[in-house]
Amino acid sequence: MGCGHKDDKASLASSQITSFSHQSHQPPSTPASKEVWKKGGRMFSILLAVHLALLACTLVSSGAFEKIAVHDYDVFFLLTVMMLIVIIWIIFYLFSTSRCPDAIPCKDSHAGPVWLRGGLILFAIFSLVMDVFKIGYYSSFYSCLSAIKIIYPIVQAIFVVVQTYFLWISAKDCVHVHLNVTRCGLMLTLTTNLAVWMSAVTDESVHKAHSKLKKNVTEEFFRWLMRAGMRSSLAEECNCNSQICQIFKNGYFWLYPFNIEYSLFASAMVYVMWKNVGRLIDHHSHHIHHLKFRLFRRTFFVGIMLGLITLVSGLGVLILYEVQVNSSTESSKKSQALTMYYIFNIVCLGLMSLVCIGGSVVYRFDKRDMDRHKNPTRTLDVALLMGAALGQYAISYYSIVAIVASTPRDTISALNLTYALLMIAQHTFQNIFIIEGLHRQPPKEDHKHNSHQKDLYGLTFVNINAVSLRVPDSGGNLTPSTVSGTEAIHPSDLLRSLAAPKKMNWRRKFLREISMFLLLSNIILWIMPAFGARPQFDNDTELNFYGDSMWPAIVDICLPFGIFYRMHAVASLLEVYIMS
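In the nomenclature of an unreviewed UniProt entry, the chain is known as OTOP2 protein of Ceyx cyanopectus. Looking at the chain in UniProt, the text filed under Sequence similarities (unreviewed entry) is "Belongs to the otopetrin family." Among the UniProt annotations of the chain, the heading Subcellular location (unreviewed entry) holds the following wording: "Cell membrane".

As structure tokens, then:
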């Protein structure tokens, strides 16, 4: 295959001729559309992704139940084939497409920021550890298993390594050759990540349900509920009885949250790459901001310290919750754990809501301009924040209806109702704060005032009227044209120059404190449900109201979106912190 199809070359050549012809008639400041969108190629790649996603969703959901004639190894076979095709396409992209002449004429500076790619690498490392545990677990009884169950984690580990390297070096690319192949390859990559995510969420949900029911029902009752990596016909022969097998099994289930977040992070980055295929960036409107991450500069440490206190307290609550709920059969211990969990979350969510409201008020007085330029990364961030919040909204509203309609009402029900209401308020106010921050221009006063501030700040204790001595008198009115290389400075300008940065620095510091506190608080609110603290299954109000089948299904569908919301909010808040 060459370095571009004929239609791609013709469209690019025509767009270049058109742009050159318009340059002589339009001023440089006139915004002109320089992007070549291949509507047919984009539509075909979307249809391909939709059909593959529906197929994967059907197999994954069917493979979770014992009585349906779709086995888990059928799901593993499909995912393995999809990952192998993606690996082949990524190799083709790295060694063929990206090396063509003028293949990548420009890069999107907003796509794939370093903190997002760093988070992707962190989750990739834990995903690789999970694959090692899976290989060890399935190898413990390989004689009675299908070979695909051992091949699948091996291929997944290779897929994670290749995809992480690909996204690290190519996340900012705006490709202009092999347009249709690249779009289809990216959509296949996105669909594969979503399919792996669906499989991991299903496995984890079934495992959690298995753990909750195992203490109260017989093995025969819930065997249909879980597919613990064993063939149903040989379940007795494939029991995991050795100590090392149990370590591998528990280990890879504990690492599922990291693999889930990895798949979603990779999907978001791949989608931005897909949007940038064929894109021509106007450098007059696409500003490149070189922002430096300074964690311990220009802060009062209040947000960091308060966030760390919240994080450590949340970890303690999580440990106590897991011990009292999962290890104790006494109802009093369970009530104490739920009360402690709800009180901590009510305090945390209340503080976060107030802080977000304060940050939004500060933004009302911020003098920075709004960034209205086209930015696919920011558009995706906003869409993911709003979409992922719907999962927690749904759980909260279902809980509110169940608590209000149920009788009698006790202390835990009141705490649960307060928790649900604050969860809705906190998501709403936090989304407003983050979206407001993402649409602000980076601060410009640093490079605007650098030429003057060094000298002006040195005159703090000098008579302000003496500033005129710095400018030589030419016998008349001083103008910039009469002073070579020197600009006339008046006392009023000096006062404004000295006062303005202090106001701006105060606002920026306040916004940084808010962003850091929210970031650390979202981390603990992600850790708690991701690693087992799920009061939705331990509180009897919703279970009794909706039933043992409907309520777990609602939580299993909506909770993964709520968990993803927290991690995506962490990445967005880090960007807001750096932009402040």
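The rest of the description comes next.
Undergrad: Hey, could you go over the pattern of salt bridges for me, with residue numbers and the actual values?
TA: Evaluation of the coordinates by the stated rule reveals 2 salt bridges. Residue Asp173 pairs with Lys107 through a salt bridge whose shortest N-O separation is 2.5 Å. One end of the pair, Asp173, is in strand 2 (residues 173-174); the other, Lys107, is in strand 1 (residues 106-107), with 66 residues separating them in the sequence. Here Asp173 falls in the buried class, since its relative accessible area comes to 3%. According to the relative accessible area criterion, Lys107 is partly exposed, its value standing at 43%. For Arg364, the salt bridge is made with Glu436, and the minimal N-O distance between the two is 2.3 Å. Residue Arg364 is located in helix 11 (residues 331-364), and its partner Glu436 is located in helix 13 (residues 411-438); the two are separated by 72 residues in the primary sequence. Overall, Arg364 belongs to the exposed group, its relative accessible area being 55%.

Undergrad: Break down the environment of Ser127 for me, citing the residues and quoting the values.
TA: Assignment of secondary structure puts Ser127 in helix 4 (residues 114-139). The class for Ser127 is buried, based on a relative accessible area of 0%. For the pair Ser127 and Phe258, spaced 131 residues apart in sequence, the C-alpha separation works out to 6.3 Å.

Undergrad: Describe the packing of aromatic side chains, with residues and values.
TA: Counted according to the given criterion, the structure contains 28 aromatic pairs. Pairing Tyr93 with Phe166 gives two aromatic rings, centres 5.3 Å apart and planes at 90°, and the pair type is edge-to-face. Taken together, the residues Tyr93 in helix 3 (residues 72-95) and Phe166 in helix 5 (residues 148-170) connect sequence positions 73 residues apart. Judged by its relative accessible area of 1%, Tyr93 falls in the buried class. Exposure remark for Phe166: the relative accessible area of 0% places this residue in the buried category. Of the aromatic side chains, those joined through ring pairs into one cluster are Phe123, Phe126, Trp254, Phe258, Phe265, Trp526 and Phe531. Between the NZ or CZ atom of Arg117 and the centre of the ring of Trp168, over which it lies, the distance is 4.6 Å. The aromatic ring of Tyr577 is capped on one face by Arg512, whose charged end is 4.8 Å from the ring centroid.

How each quantity is defined
Residues numbered from 1 in each chain as written. Predicted model: local features only at pLDDT ≥ 70, side-chain atom pairs only at ≥ 80, totals over all residues. Heavy atoms only, no water. UniProt positions renumbered as here; feature names shortened; annotations may be inferred. Salt bridge = Lys/Arg side-chain N within 4 Å of Asp/Glu carboxyl O. Helix = DSSP H or I, 4+ residues; strand = E, 2+ residues; numbered from the N terminus. Buried < 20%, exposed > 50% of the residue type's maximum accessible area, 1.4 Å probe, protein only. Phe/Tyr/Trp six-rings, centres within 6.5 Å; stacked < 30°, edge-to-face > 60°. Lys NZ or Arg CZ within 6 Å of the ring centre and 35° of its normal.

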